[in-house]
Amino acid sequence: MIERFVKHATFVVERTYAASLGKVYSAWSDQAEKSKWFSKPEIFEFRVGGREYSSGGPPEGPVFTYDASYQEIVNEQRIVYTYTLDAGDTRISASLTTIEFFQVEGGTKLVFTEQGAFFDGHDTPEIREHGTKEMLDALGKSL
């Protein structure tokens, strides 16, 4: 029998980009811009109640499926979404993510907060936080 458990965690990652607030926000809200640094979505409906969906992975597998729903959008200030992440047929996590944007001298400060439930040891908060840091670094390079 498989041991079932949930590990809950919250982490915060901050980045400051030498780009305008509008440009950083657009990197999240515009499909073409987001595709430059995040997976290319099969569905991208950037609106409250809208969905973002993508799947893919290495040739040897597994296929990772990201399925998000936008809960709140405040133009150039905040994006809140919930999402699940699956590896093959296994749900590995469910999360609530808040992204906040602040205009600062010389650019934009982004605060990324994720509150997650990580299932049965298939994923961990430490792995997710590491991946998030790499993702936000990729965003910086695309700006």
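A look at helix α1 (residues 21–29)
Alright, step 1. Within the sequence span of α1, burial applies to Leu 21, Val 24, Tyr 25, Ala 27 and Trp 28. For α1, the angular spread of the buried residues around the axis is 150°, confining them to a single face.

Focus: the pattern of salt bridges
Alright, step 1. Applying the stated criterion to the full structure yields 13 salt bridges.
Alright, step 2. Lys 36 serves as the salt-bridge partner of Glu 33, at 3.1 Å between the closest nitrogen and oxygen.
Alright, step 3. Residue classification places Lys 36 among the exposed residues on the basis of a relative accessible area of 55%.
Alright, step 4. Between Lys 133 and Glu 129 there is a salt bridge, with its nearest N and O atoms 3.7 Å apart. Highlighted residues: Lys 133 and Glu 129, both in helix α3 (residues 125–142), separated by four residues, approximately one helical turn.
Alright, step 5. For Lys 133, a relative accessible area of 35% puts it in the partly exposed group.
Alright, step 6. For Glu 129, a relative accessible area of 24% corresponds to the partly exposed category.

Considerations on the packing of aromatic side chains
Alright, step 1. Summed over all chains, the structure comprises 12 aromatic pairs.
Alright, step 2. Measuring from ring centre to ring centre gives 6.3 Å for Phe 44 and Phe 46, while their planes differ by 10°; the resulting arrangement is stacked.
Alright, step 3. Of the residues examined, Phe 46 reaches a relative accessible area of 21% and is grouped as partly exposed.
Alright, step 4. Ring geometry for Tyr 66 and Tyr 83: centres 5.1 Å apart, planes at 45°, overall tilted. With a gap of 17 residues between them, Tyr 66 in strand β4 (residues 64–74) and Tyr 83 in strand β5 (residues 78–87) connect regions that are remote in the sequence. Residue Tyr 66 shares its accessibility class with Tyr 83, and that shared class is buried.

Overview of the side chain of Thr 98
Alright, step 1. The topology assignment puts Thr 98 in strand β6 (residues 90–104).
Alright, step 2. Classification of Thr 98 as buried rests on a relative accessible area of 18%.
Alright, step 3. Those residues within four positions of Thr 98 in sequence are excluded, and the remaining contacts are Arg 78, Ile 79, Val 80, Val 111, Phe 112 and Thr 113.

So, the sheet that holds β5
Alright, step 1. As summarised here, the arrangement of the seven strands in space is β1-β7-β6-β5-β4-β3-β2, forming an open sheet in which the pairing is antiparallel. Sheet topology places β1 (6–17) and β2 (43–44) at the edges, where each strand pairs with a single neighbour.
Alright, step 2. Relative to strand β3 (residues 51–56), β2 runs antiparallel, the two being bridged by two bridges. Bridging from a neighbouring strand, Ile 43 pairs with Tyr 53 of β3.
Alright, step 3. Against the sheet, α1 makes contact with β1, β2, β4, β5, β6 and β7 (107–119), and its axis sits at roughly 160° relative to β6, the strand it touches most.
Alright, step 4. In this fold α3 packs onto β1, β5, β6 and β7, with an angle of close to 20° to the strand it touches most, β1.

About the criteria used
Residues numbered from 1 in each chain as written. Predicted model: local features only at pLDDT ≥ 70, side-chain atom pairs only at ≥ 80, totals over all residues. Heavy atoms only, no water. Buried < 20%, exposed > 50% of the residue type's maximum accessible area, 1.4 Å probe, protein only. Helix = DSSP H or I, 4+ residues; strand = E, 2+ residues; numbered from the N terminus. Arc of directions from axis to C-beta. Salt bridge = Lys/Arg side-chain N within 4 Å of Asp/Glu carboxyl O. Phe/Tyr/Trp six-rings, centres within 6.5 Å; stacked < 30°, edge-to-face > 60°. Contact = heavy atoms within 4.5 Å. Pairing = 2+ DSSP bridges. Axes fitted to C-alpha atoms, helices over the stretch in contact; angles between N-to-C directions.

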